[in-house]
Amino acid sequence: MSTLEEQIDIAAPVLAAWEQLHRVHDFPQFVDGVRSAYPHGQNLAHLGVEIGGTARDVETEITDRGRGRVMAWRIVDGLRLRGAFALLPLDPGHTRLQIRVEYDPEAVHEAFGGPRGFALAGAIERAVRGDLEHFRELVEARAATATR
């Protein structure tokens with residue numbers, strides 16, 4: 001398994017970021033490649049994903065840990081991919097979002113094609129960084145609207 005860790009600071013309260021993480025229907029707005037998302041059952045979400053022209057439906061399990069500050073997720077239907085989001089309040093109006101992603105590079109390649117080795121790791125790193133930027137933009141925009 002390979003591991004990627006990234007973080008980003010968000011100019012919004014921790015509760016705003018926490019609530020946004022739980023809006024499964026909004027995942028396509030900030031997760032590259034997710035075309036559709038909806039929650040179902042106990043802690044499950046169905047994602048319609050397209051990466052590199054390859055479409056696939058995946059089931060994920062989402063669980064909360066750490067007294068409301070850590071959200072863990074994992075793909076439950078074969079693809080070895082999992083991770084966690086941790087939210088750390090920096091002050092009342094700012095939050096640090098940390099993400100850890102664990103994946104099997106060969107399984108990701110088999111499921112979606114594309115590069116291998118360092119090129120695959122680089123592509124995943126760029127995608128995660130982009131997702132974090134989009135998440136920050138979404139949370140900050142909603143927080144600004146809520147305070148008006």
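Quick notes on the rules
- Residues take numbers from 1 onward in each chain, read along the sequence in its written order.
- Owing to the predicted nature of the model, reporting of local features is limited to residues with pLDDT of at least 70; listing and counting of side-chain atom pairs is limited to 80 or more, with chain, interface and lining totals taken over all residues.
- Note that water and hydrogens are dropped before the side-chain values are worked out from all heavy atoms of the structure.
- Only Phe, Tyr and Trp rings take part, Trp by its six-membered ring, and two of them pair if their centres are within 6.5 Å. Stacked means planes under 30 degrees apart, edge-to-face means over 60, and tilted covers everything else.
- Runs of H or I in DSSP of at least four residues are treated as helices and runs of E of at least two as strands, each being numbered from the N terminus.
- Buried means the residue's accessible area, taken with a 1.4 Å probe over protein chains only, is under 20% of the maximum for its type, while exposed means over 50%, and partly exposed covers the values in between.
- Counted as a polar contact is a pair of N or O atoms within 3.5 Å, where, for protein atoms, one must be capable of donating a hydrogen and the other of accepting one, and residues adjacent in sequence contribute only when both atoms are in side chains.
- In this description, contact between two residues means that some pair of their heavy atoms is separated by no more than 4.5 Å.
- Grouping buried Ala, Val, Leu, Ile, Met, Phe, Trp, Tyr and Cys residues that are joined through side-chain atoms within 4.5 Å yields what is termed a nonpolar core.
- Two strands pair if DSSP finds at least two bridges between them.
- One confidence number per residue, pLDDT, is output by the predictor and ranges from 0 to 100.
- The term salt bridge refers to a side-chain nitrogen of Lys or Arg lying within 4 Å of a carboxyl oxygen of Asp or Glu.

Right, let's talk about the packing of aromatic side chains for a bit. One pass over the full model with this rule turns up two aromatic pairs. The interplanar angle of 70° and the centroid separation of 5.7 Å between the aromatic rings of F27 and F30 together place this pair among those described as edge-to-face. Remark: F30 and F27 occur in helix 2 (residues 27-30); sequence separation between them is three residues, near one turn of the helix. Taking the relative accessible area as the measure of exposure, F30 reaches 5% and is therefore buried. Ring centres 4.9 Å apart and planes at 70° place the aromatic pair F30 and F135 in the edge-to-face group. Taken together, the residues F30 in helix 2 and F135 in helix 4 (residues 117-146) connect sequence positions 105 residues apart.

Moving on, we get to the side chain of Q20. Mapped onto the elements of the fold, Q20 is located in helix 1 (residues 14-21). Of the residues examined, Q20 reaches a relative accessible area of 1% and is grouped as buried. At 2.7 Å, the side chain of Q20 forms a polar contact with the side chain of R142. For Q20, the contacting residues outside a window of four places in its chain are D26, F30, F135, L138, V139 and R142.

In this structure, F27, L97 and F135 are the most contacted members of the largest nonpolar core, which totals 35 residues. Looking at this core element by element, the count peaks at seven residues for helix 4. Look past the residues within four positions of F27 in its chain and what remains in contact with it is L21, V34, A37, L47 and I62.

Attention shifts here to the pairing of strand 5 (residues 70-75). Pairing between strand 4 (residues 54-65) and strand 5: six bridges, direction antiparallel. If you follow T60 over to strand 5, its bridge partner there is I75. Relative to strand 6 (residues 81-91), strand 5 is paired through five bridges, and the arrangement is antiparallel. Looking across to strand 6, one finds that M71 is bridged to F85. Between strand 5 and the antiparallel strand that follows it, strand 6, lie five residues; G78 among them carries a positive phi value of about 105°.

Our next topic: unusual backbone geometry. One non-glycine residue with positive phi stands out, namely N43, at about 65°. Along the chain, N43 turns up in the loop between strand 2 (34-40) and strand 3 (44-51). For N43, a relative accessible area of 37% puts it in the partly exposed group.

Take the confidence of the model for the protein next. Put simply, the protein has an average pLDDT of 87, and 87% of its residues get 70 or more. No element of the protein has a lower mean pLDDT than helix 3 (residues 105-112), at 68, and none a higher one than helix 2, at 95.

Its location among the elements puts A143 in helix 4. Residues A143 and P13, 130 residues apart in the sequence, show an inter-C-alpha distance of 8.0 Å.

Before going further, it helps to spend a moment on the pattern of salt bridges. Tallied over the entire structure, the rule returns nine salt bridges. For E5, the salt bridge identified is with R100, shortest N-O distance 2.3 Å. Of this pair, E5 sits in strand 1 (residues 2-10) while R100 sits in strand 7 (residues 94-103), placing them 95 residues apart in sequence. Using a relative accessible area of 34% as the deciding quantity, one classes R100 as partly exposed. Of the charged contacts in the structure, one is a salt bridge between R96 and D9, with a shortest N-O distance of 2.7 Å. Of this pair, R96 sits in strand 7 while D9 is found in strand 1, placing the two residues 87 residues apart along the sequence.

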